[in-house]
Amino acid sequence: TAEWCTAAFRSRGLLGADEKVVAVSTTPIGAGEGEFSELVLLNIEEVIGGPASSLPRHLVAKFSPPNMSAIEVPLVFGPEAHFYNDFTVAGGGLVRPITIYCGYLKKKGRCTAPSFCIIMESGCPPTKPTRSFKRVTGCDSLEHLHLAMRTLAKFHARWWGLDTNRTPPLDWVSHPDCGGGAFPRLPRSVSHTLFVMVFKHGIKALPHCFSDKAPYGGEGVPKFGEQYALFLSKIRPVARRRRHSIVNMLFRHPLTLTHGDAHLENIFFGEQYPGGCAFIDFGLTAFGNALSDVATVIGGGMPVEARRA
């Protein structure tokens, strides 16, 4: 509502004491749901009492979905809320849209999930030329891919070689050597054993991924196992046998803070962003190998011809 927006934006210093939001409009993005969140466009239609020059007029509101469990919500939305609240863009090291508000409502009951709300500047404001790409079609523009890689490199350099998350400002981030973040502290051997188990079951589940159920495309969408049957038949048995070696390689030092979900749809390109692009969606931010982010861009978004080039 306009009243809620006024209170929230004043709390962040984006509205003066006499400035007031009096009209807003909301439009669901797509069906209103992302893979792990509910999304709406939030347009600030009218402000009275002053120019409110610091307040962007085109925003995106992101909510934790009601069907998520009390365990899942903090795991997915906790790191993102911390990344937005604890760091400026310069402090975190990764260019992102301006965060207007980030908070959560803690509900009664130990097994009740909190509700998160994140409001940020739209990645594609109508007043500024912005470009984005879809994972399905990929990106064959080497110019844009270079921008993404340079931006990620600066982010990785910011936290390079910091091998512990036991102290602020990164005590909320999980680390493969000691757990942490939303997980309990664990010895390195136990933590790596858990990753091996997750890897083993993940490889086993691949042929069954992407069912006909929403939000993964609906009826008629091919399952991962059908689309990549040849790949799975050759790679899956080897990967399962060598899972311990693979996990050790994935978490070989030096480690750094990683985005964790750096696919094309989480990157917006535009001259208004320092370095030419900005990233969103920090729910999987964790310590890890820097090349995991690079591999996500290359393997998950580039057509074969562009990848070879």
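Structural data are supplied above this passage.
Some thoughts on helix α1 (residues 2-11)
Among the residues of α1, those classed as buried are A2, C5, T6, A8 and F9. A positive backbone phi angle near 75° is found at G13, which sits one or two residues after α1.

Some thoughts on the side chain of S191
Positionally, S191 belongs in helix α5 (residues 188-205). The buried category is assigned to S191, whose relative accessible area is 3%. A polar contact is formed between the side chain of S191 and the backbone oxygen of P176, at a distance of 2.6 Å. Residues within four places of S191 in sequence aside, it is in contact with H175, P176, D177, C178, G179 and L186.

Focus: the nonpolar core
Counting 43 residues, the largest nonpolar core has F83, Y84, L170, V173, L257 and F279 as its most contacted members. Only α2 (72-86), β5 (115-121), α4 (142-158), β7 (267-269), β8 (277-279) and β9 (286-288) provide two or more residues apiece to this core. Ranked by the residues each element gives to this core, the list is headed by α2, at six residues. Discounting chain neighbours no more than four positions away, the residues touching F83 are L94, R96, F155, W172, L257, F282 and T285. Judged by nonpolar contacts, the second largest core, of 18 residues, contains A2, A8, L59 and A61.

Some thoughts on the pairing of β5
Most of β5 sits out of view: six of its seven residues are buried. Relative to β5, strand β3 (residues 58-63) is paired through five bridges, and the arrangement is antiparallel. Directly across from L59, in β5, lies its bridge partner E121. Sheet analysis places strand β4 (residues 99-105) next to β5, joined by six bridges and oriented antiparallel.

A look at the environment of S115
Locating S115 in the fold gives a position in strand β5. Between the C-alpha atom of S115 and that of P74, which follows or precedes it by 41 residues, the distance is 9.3 Å. Apart from the residues within four sequence positions on either side, S115 is in contact with S64, G103, Y104, L105 and K107.

A word on the packing of α4 against helix α9 (residues 290-301)
Relative orientation of the contacting elements α4 and α9 amounts to 165°, with a least axis distance of 10 Å. As judged from the angle between their axes, α4 and α9 are roughly antiparallel. As α4 runs across α9, the sense of the crossing is right-handed. Where α4 abuts α9, its residues L145, M149, L152 and H156 lie against A290, D293, V294, V297 and I298. Tallied by class, residues from the contact of α4 with α9 come to seven nonpolar, one polar and one charged.

Side note on the packing of α5 against helix α7 (residues 229-241)
Orientation of α5 relative to α7, taken along the N-to-C sense of each, is 165°, at an axis distance of 10 Å. Considering the angle they form, α5 stands roughly antiparallel to α7. At the point where α5 passes α7, the crossing takes the left-handed sense. Taken together, the residues of α7 that come into contact with α5 (itself represented by F199, K200, I203 and K204) are R236, A239 and R240. A breakdown of the residues in the contact of α5 with α7 according to their chemical character gives three nonpolar, no polar and four charged.

Digging into the environment of I98
Take I98: it is sitting in the loop between α3 (89-92) and β4. Judged by its relative accessible area of 45%, I98 is partly exposed. Distance in space between the C-alpha atoms of I98 and A7 is 18 Å, their sequence separation being 91 residues. Residue contacts for I98: discarding those within four places in its chain leaves M120 and E121.

Some details on the pattern of salt bridges
Following the criterion strictly, the structure yields five salt bridges and no others. Among the salt bridges present, the one from K62 reaches D281, with a minimum N-O distance of 2.9 Å. Of this pair, K62 sits in strand β3 while D281 is found in the loop between β8 and β9, placing the two residues 219 residues apart along the sequence. Residue D281 is classed as partly exposed on the basis of its relative accessible area of 23%. Taken together, the shared-partner salt bridges connect K62, E80 and D281 into one network.

Rules used in this analysis
- The numbers attached to residues start from 1 for each chain and follow its sequence in the written order.
- Local features in a predicted model are, by the rule used here, given only for residues with pLDDT of at least 70; side-chain atom pairs are given and counted only at 80 or more, and totals for whole chains, interfaces and linings are based on all residues.
- Side-chain numbers here rest on the full set of heavy atoms in the structure, without hydrogens or water.
- Using a 1.4 Å probe on the protein chains alone, a residue whose accessible area is under 20% of its type maximum counts as buried, one over 50% counts as exposed, and one in between counts as partly exposed.
- Where helices and strands are cited, they refer to DSSP runs of H or I of at least four residues and of E of at least two residues respectively, numbered from the N terminus.
- Counting of polar contacts relies on pairs of N or O atoms within 3.5 Å, with two restrictions inside protein: one atom must be capable of donating a hydrogen and the other of accepting it, and residues adjacent in sequence are counted only when both atoms are side-chain atoms.
- Contacts: residue pairs with any heavy atoms within 4.5 Å of one another.
- By convention a nonpolar core is built from buried Ala, Val, Leu, Ile, Met, Phe, Trp, Tyr and Cys residues, the set being connected through side-chain atoms within 4.5 Å.
- Two strands make a pair as long as DSSP finds a minimum of two bridges between them.
- To obtain each axis, a line is fitted to C-alpha atoms, and for helices this fit is confined to the stretch in contact; angles are then taken between N-to-C directions over 0 to 180 degrees.
- Angle categories are assigned with fixed cut-offs, so that under 35 degrees is roughly parallel, over 145 is roughly antiparallel, 65 to 115 is roughly perpendicular, and the rest are oblique.
- A crossing counts as left-handed when the near helix is turned anticlockwise from the far one by less than a right angle, and as right-handed when that turn is clockwise.
- Side-chain classes follow a simple rule in which Ala, Val, Leu, Ile, Met, Phe, Trp, Tyr, Cys and Pro form the nonpolar group, Asp, Glu, Lys and Arg form the charged group, and the remainder, Gly included, forms the polar group.
- For salt bridges, the criterion is a side-chain nitrogen of Lys or Arg within 4 Å of an Asp or Glu carboxyl oxygen.

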